[in-house]
Amino acid sequence: MDKGMFAARGGLVEAACWLAGIAVLAGMNPVGEHLFSLCPVSWVLEKGCPGCGLGHSIAFLFRGEWVASWEAHPMGVPALLILGGRIISLLRQYRFLKKNQLTYTYHA
């Protein structure tokens, strides 16, 4: 396997991880009890970090609760758009490299 396809498959794995993360956030109950946080800053500081509430914001977005999303974190919409753009970019890159690999293999 050449380096290009190895990188493309890595991009495909990254896209799958982002999609899985967004799916988890979409299924999360943002008003449920907060059991734990993966953020090490929130373990130390009571107020948390500047990113605290972003997951809740995205979860509220998937429920159509725009005001609650904004109140949880104003960067929820931009974060979701950036992640969506990254996923689309990775899938396009994979498709392009896969197409070029097939063309190169066919003509070689």
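From a predicted model like this one, the values you see are computed outputs, not experimental measurements.

Caption draft 1: Structural context of the environment of Val 67. Residue placement: Val 67 occurs in helix 4 (residues 66–72). Expressed as a C-alpha distance, the spacing of Val 67 and Ser 57, which sit 10 residues apart in the sequence, is 9.4 Å.

Caption draft 2: Broad picture of the pattern of salt bridges. On inspection of all chains with the given rule, the structure shows 1 salt bridge. For Glu 14, the salt bridge identified is with Arg 86, shortest N-O distance 2.9 Å. Of this pair, Glu 14 sits in helix 1 (residues 3–27) while Arg 86 sits in helix 5 (residues 76–107), placing them 72 residues apart in sequence.

Caption draft 3: Examining helix 3 (residues 54–62) more closely. Those residues of helix 3 that sit buried are Ser 57, Ile 58, Ala 59, Phe 60 and Leu 61. One or two residues past the end of helix 3 sits Gly 64, with phi positive at roughly 75°.

So, how was this worked out
Residues numbered from 1 in each chain as written. Predicted model: local features only at pLDDT ≥ 70, side-chain atom pairs only at ≥ 80, totals over all residues. Heavy atoms only, no water. Helix = DSSP H or I, 4+ residues; strand = E, 2+ residues; numbered from the N terminus. Salt bridge = Lys/Arg side-chain N within 4 Å of Asp/Glu carboxyl O. Buried < 20%, exposed > 50% of the residue type's maximum accessible area, 1.4 Å probe, protein only.

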